[in-house]
Amino acid sequence: MIAARPAEADAAAPSGTARASARDVVLRAEDVRKTFRLGFFRKRVEAVRGVSFTVERGEIFGFLGPNGAGKTTTLKMLMGLIFPTSGRVEALGRAVPDRAAKRRIGYLPETPYFYEYLTPEEFLDFAGALCDVPAAARRRRADQLLGRVGLDHARGRPLRKFSKGMLQRIGIAQALMGDPDVVVLDEPMTGLDPLGRKDVRDLILELGREGKTVLYSTHILPDVEMTCDRVAIVVGGRLRSVGRLASLLSARVLSTEIVLRPAPARPGLPAGARRLPGEGDVALELPAGADVDAFLRAAQAGGAGIVSVTPRRESLEDLFVREAQEKRE
Amino acid sequence: MRRIAAVARNTFREAARNKILYSLLFFALALIASALALGQLSVHEERRMIRDVGLFGVDVFSVLIAIFVGVNLLYKELALKTVYTILPKPIARWEFVLGKWLGVMATLVAQIVVMGVAVAVTSWFESGSEAVDAALVKALWLLLMNVTIVTSVAMLFSSFSSPFLSGLFSLGVFVVGRSVPDVRVLAERVGGAPGRVLSAGCAVLPNLHLFTPSGSAIAGQHITVHAGPFVGASYLAWTSLYAIGYSTVVLGLAMLIFRRRDFV
């Protein structure tokens with residue numbers, strides 16, 4: 001039995017199912033559930049409760065959710081590390097686990113651990129051999145990837161001496177050793193500094209430009225807004241929303257931010273408006289439905305100059321919080 | 001084959017960079033070398049003493065190394081979560097287990113060769129070149145077959161238990177396995193249900209006594225590693241088959257357990 005899936009929010013296609021059949025689906029989860037039995041009394045813990053979604057060829061797909069939402073468990077089921085209690089997971093049209101499909105998928109686990117006694121070159125050579133890459137090609141690819149992830153300088157250093165960011169980079173490099181069509185990254189930005197995060201974000205975009213499909217999980221929302229074609233939001237083991245960001249986010253203006261310089265002589269604020277903290281310029285937030293034009297005219301008449309007017313629409317963070325709160329209620 | 005070889009090579013590399021294994025090897029070599037001093041204390045039995053102490057060192061330390069490496073093998077992969085990076089690659093879980101086992105076996109072969117050479121050099125130093133004979137090589141081969149089984153058993157326990165418990169169980173299997181002929185005699189004497197339990201235990205547990213036959217009677221003949229041809233080719237062949245067969249079954253069980261595991 002297929003669980004009712006959240007509506008696929010995409011203006012280009014009427015429903016998720018129609019989209020999936022019309023386009024090339026590379027990863028599919030269908031009513032996937034996972035229940036763990038924990039502790040001495042084998043207490044049931046439902047980590048994933050009927051998640052269904054598809055990832056299509058060539059897209060960058062963000063898998064979002066708060067901590068403990070079931071993201072990693074779902075990704076591990078797609079990678080064949082965990083067996084679903086029920087439901088079906090497919091990779092490249094084959095039931096997971098399938099060796100031919102695995103050959104075309106690269107995976108970075110969450111907080112990756114590697115063989116610390118190996119050097120990056122040895123580790124990438126090992127990863128390449130597991131992907132059936134011939135020895136000469138392994139050396140060439142390891143060279144390229146070490147440069148690509150910025151670890152050229154550390155190629156002879158054992159992994160035990162790597163920082164968290166460097167480990168994340170070598171983790172991404174090992175995921176790419178088999179030159180996969182699909183790249184699955186579990187929390188690739190976790191623990192990275194802003195520069196490291198930007199590098200990983202750029203790498204994801206680069207992979208997308210190369211035509212690779214990228215599925216990555218995260219709870220760092222600005223990164224998702226900058227990189228993803230589509231997102232799925234999972235909360236409490238259930239899929240809450242899936243679709244294109246533009247379609248998921250409400251187009252309604254939530255408020256309008258106005259910056260004035262100098263301040264008007266008589267600052268008559270509409271009901272519900274508030275002054276935002278700050279020095280120098282006067283920053284105001286007008287609530288939804290306020291007559292912004294009338295306020296601006298009055299402000300100009302009072303001698304104010306208008307620096308900026310920014311309508312604030314629903315952000316991914318608003319949506320994320322809304323979904324998480326709805327679940328709690 | 002490339003994937004299995006890659007895992008085996010990596011396992012061997014891990015062992016080769018493990019300082020604890022070098023410490024064990026150092027103690028083994030020290031024990032073997034001490035046989036020279038012990039030989040001096042015995043009267044006209046230098047050659048026998050050196051061979052006994054040397055082979056004892058190889059036996060004990062190869063088993064210790066097999067258990068130490070074997071019980072940590074799969075457990076460490078799970079505890080350190082390195083398995084999360086490996087298994088999503090196009091490698092079957094059974095290939096991974098087999099690769100790990102082959103890697104440990106390569107380590108043990110290297111260790112036994114080093115220790116065997118040490119025994120040979122010590123014997124040669126004390127008694128000349130005739131002290132290094134086929135019997136010594138055969139005894140080393142049997143000890144290698146012995147650790148083949150011990151490693152597989154340790155790996156089986158390691159697939160579902162902690163290293164401490166796995167080590168304890170493996171050591172138990174080794175001790176009882178070495179005493180199988182004595183346990184059989186005990187089972188006959190005790191009789192009844194306890195005797196049947198002991199007999200069943202002997203049937204299930206590996207008969208590791210087969211790999212230290214010196215001093216036993218085989219086919220009505222008393223054999224010793226110190227004189228004569230020791231054991232014949234047929235004995236070596238069937239005990240090797242027994243070791244490989246037993247290891248295959250035990251390793252198969254480890255693969256079955258590993259096959260259905262969730263890596264949470």
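All of these numbers come straight from a predicted model, not from anything done at the bench.

Draft legend 1. Quick look at the overall build of chain A. A count of helices and strands for chain A gives eleven helices and 15 strands. A buried classification covers 52% of the 329 residues belonging to chain A. Considering only contacts within chain A whose residues lie at least 6 apart along the sequence, 70% involve residues at least 24 apart. Entry remark: accessible area of chain A is about 15100 Å², with carbon and sulfur atoms responsible for 50%. When the 51 basic and 42 acidic side-chain charges of chain A are each reduced to a single mean position, those positions are 4 Å apart.

Draft legend 2. Spotlight on the overall build of chain B. Across its full length, chain B holds ten helices and two strands. At 20 Å, chain B has a C-alpha radius of gyration in line with the 18 Å of a compact globule built from 264 residues. Over its C-alpha atoms, taken along the principal directions, chain B stretches across nearly 60 × 50 × 30 Å. Within chain B, the fraction of its 264 residues that count as buried is 52%. A fraction of 80% describes how many contacts in chain B between residues 6 or more apart in sequence connect residues 24 or more apart. If you sum the accessible surface of chain B, you get close to 12000 Å²; carbon and sulfur atoms cover 72% of it. Taking the average location of the 22 positive side-chain charges in chain B and that of its 13 negative ones, the two points are 15 Å from each other.

Draft legend 3. Just the interface of chain B and chain A, in detail. The interface is formed by 32 residues belonging to chain B together with 31 residues belonging to chain A. Carbon and sulfur atoms make up 56% of the area that chain B and chain A hide from each other, which totals about 3000 Å². Three residues, Arg2, Lys89 and Pro90 of chain B, lead the burial of chain B against chain A; their summed loss comes to 21% of the area buried on that side. Connecting chain B to chain A are five salt bridges. Salt-bridge contacts for Lys34 of chain A lead to Asp262 of chain B; the nearest nitrogen and oxygen are separated by 2.5 Å. Summed over the shared surface of chain B and chain A, the number is 18 residue pairs in polar contact (both at pLDDT 80 or more). Looking at the side of chain B that touches chain A, the elements that each hand over two or more residues are helix H1 (2–16), helix H4 (83–86) and helix H5 (93–127) of chain B. By residue number, the principal contributor to the side of chain B that touches chain A is H1 of chain B, which donates eight residues. Taken together, the residues of the side of chain B that touches chain A break down into 14 nonpolar, three polar and 15 charged.

Draft legend 4. Summary view of helix H10 (residues 292–301) of chain A. Residue and element names in this part refer to chain A. Residues Val292, Phe295, Leu296 and Ala299 constitute the buried set of H10. What you see down the axis of H10 is that its buried residues fit within an arc of 100°, all on one side. Away from the buried face of H10 by more than 90 degrees, exposed residues Arg297 and Ala301 are located. Where H10 is buried, its residues touch strand S12 (253–260), strand S14 (282–287) and strand S15 (306–313). Within two residues after H10, Gly303 carries a phi angle of roughly 95°, on the positive side.

Draft legend 5. Summary view of helix H10 (residues 233–259) of chain B. Residues and elements named next belong to chain B. Under the 1.5 Å per step criterion, the end-to-end length of H10 is 38 Å for 27 residues, consistent within 8% with the ideal 39 Å. All of the buried residues in H10 are Tyr235, Leu236, Thr239, Ser240, Ala243, Tyr246, Ser247, Val250, Leu251, Ala254, Met255 and Phe258. Its buried side turned inward, H10 meets helix H3 (46–79), H4, H5, helix H6 (134–158), helix H9 (192–204) and strand S1 (217–218).

Draft legend 6. How the structure looks around the pattern of salt bridges. Across all of its chains, the model carries 35 salt bridges over all chains by this definition. Among the ionic pairs, Arg197 of chain A bridges to Asp223 of chain A, the shortest N-O distance being 3.2 Å. Of this pair, Arg197 of chain A sits in helix H7 (residues 194–209) while Asp223 of chain A is found in helix H8 (residues 221–227), placing the two residues 26 residues apart along the sequence. What makes Arg197 of chain A partly exposed here is its relative accessible area of 23%. Classification of Asp223 of chain A as buried rests on a relative accessible area of 0%. Among the charged side chains, a salt-bridge network with shared partners connects Arg99, Arg103 and Asp132 of chain A together with Arg3 and Glu95 of chain B.

Draft legend 7. Quick look at the nonpolar core. Among the nonpolar cores identified, the biggest contains 154 residues, and Leu27 and Ile170 of chain A together with Phe96 of chain B are the most heavily contacted of them. The element that contributes the greatest number of residues to this core is H6 of chain B, accounting for 16 residues. What Leu27 of chain A contacts, discounting residues up to four positions off in sequence, is Phe53, Thr54, Val55, Leu78, Glu90, Ala91, Ile105, Val182, Val184 and Leu215 of chain A. In terms of nonpolar packing, the next biggest core, distinct from the first, is built from twelve residues, Leu260, Val282, Leu284 and Leu296 of chain A among them.

Draft legend 8. Examining unusual backbone geometry more closely. Residues and elements named next belong to chain A. For the peptide bond that leads from Val96 to Pro97, omega is 0°, which places it in the cis range. Of note, the phi angle at Leu92 is positive, near 50°, even though the residue is not glycine. By the element assignment, Leu92 lies in the loop between strand S5 (86–91) and strand S6 (94–95). For Asp179, which is not glycine, the phi torsion reads 45° and is therefore positive.

Draft legend 9. Structural context of the packing of helix H6 (residues 164–176) of chain A against H7 of chain A. All names here are of chain A. Contact geometry of H6 with H7 gives a least axis separation of 11 Å together with a crossing angle of 15°. In this view, H6 runs roughly parallel relative to H7, as classed from their interaxial angle. Note on packing geometry: the crossing formed by H6 with H7 is left-handed. Where H6 approaches H7, its residues Arg169, Ile172 and Leu176 are matched on the opposing element by Gly196, Asp199, Val200, Leu203 and Leu207. Of the residues belonging to the contact of H6 with H7, the class tally is five nonpolar, one polar and two charged.

About the criteria used
Residues numbered from 1 in each chain as written. Chains lettered and ligands numbered in written order. Predicted model: local features only at pLDDT ≥ 70, side-chain atom pairs only at ≥ 80, totals over all residues. Heavy atoms only, no water. Helix = DSSP H or I, 4+ residues; strand = E, 2+ residues; numbered from the N terminus. Buried < 20%, exposed > 50% of the residue type's maximum accessible area, 1.4 Å probe, protein only. Contact = heavy atoms within 4.5 Å. Areas by Shrake-Rupley, 256 points an atom, 1.4 Å probe, with all protein chains shown as cover. Lys, Arg positive; Asp, Glu negative; His and termini not counted. Charge placed at Lys NZ, Arg CZ, Asp CG, Glu CD. Rg over C-alpha atoms; globule rule 2.2 N^0.38 Å. Buried area = accessible area lost by both parts, 1.4 Å probe. Salt bridge = Lys/Arg side-chain N within 4 Å of Asp/Glu carboxyl O. Polar contact = N/O pair within 3.5 Å; in protein donor to acceptor, adjacent residues only side chain to side chain. Nonpolar A, V, L, I, M, F, W, Y, C, P; charged D, E, K, R; others polar. Arc of directions from axis to C-beta. Expected span 1.5 Å × (residues − 1). Core = buried A, V, L, I, M, F, W, Y, C linked by side-chain atoms within 4.5 Å. Axes fitted to C-alpha atoms, helices over the stretch in contact; angles between N-to-C directions. Parallel < 35°, antiparallel > 145°, perpendicular 65-115°, else oblique. Left-handed = near helix turned anticlockwise from the far one by under 90°.

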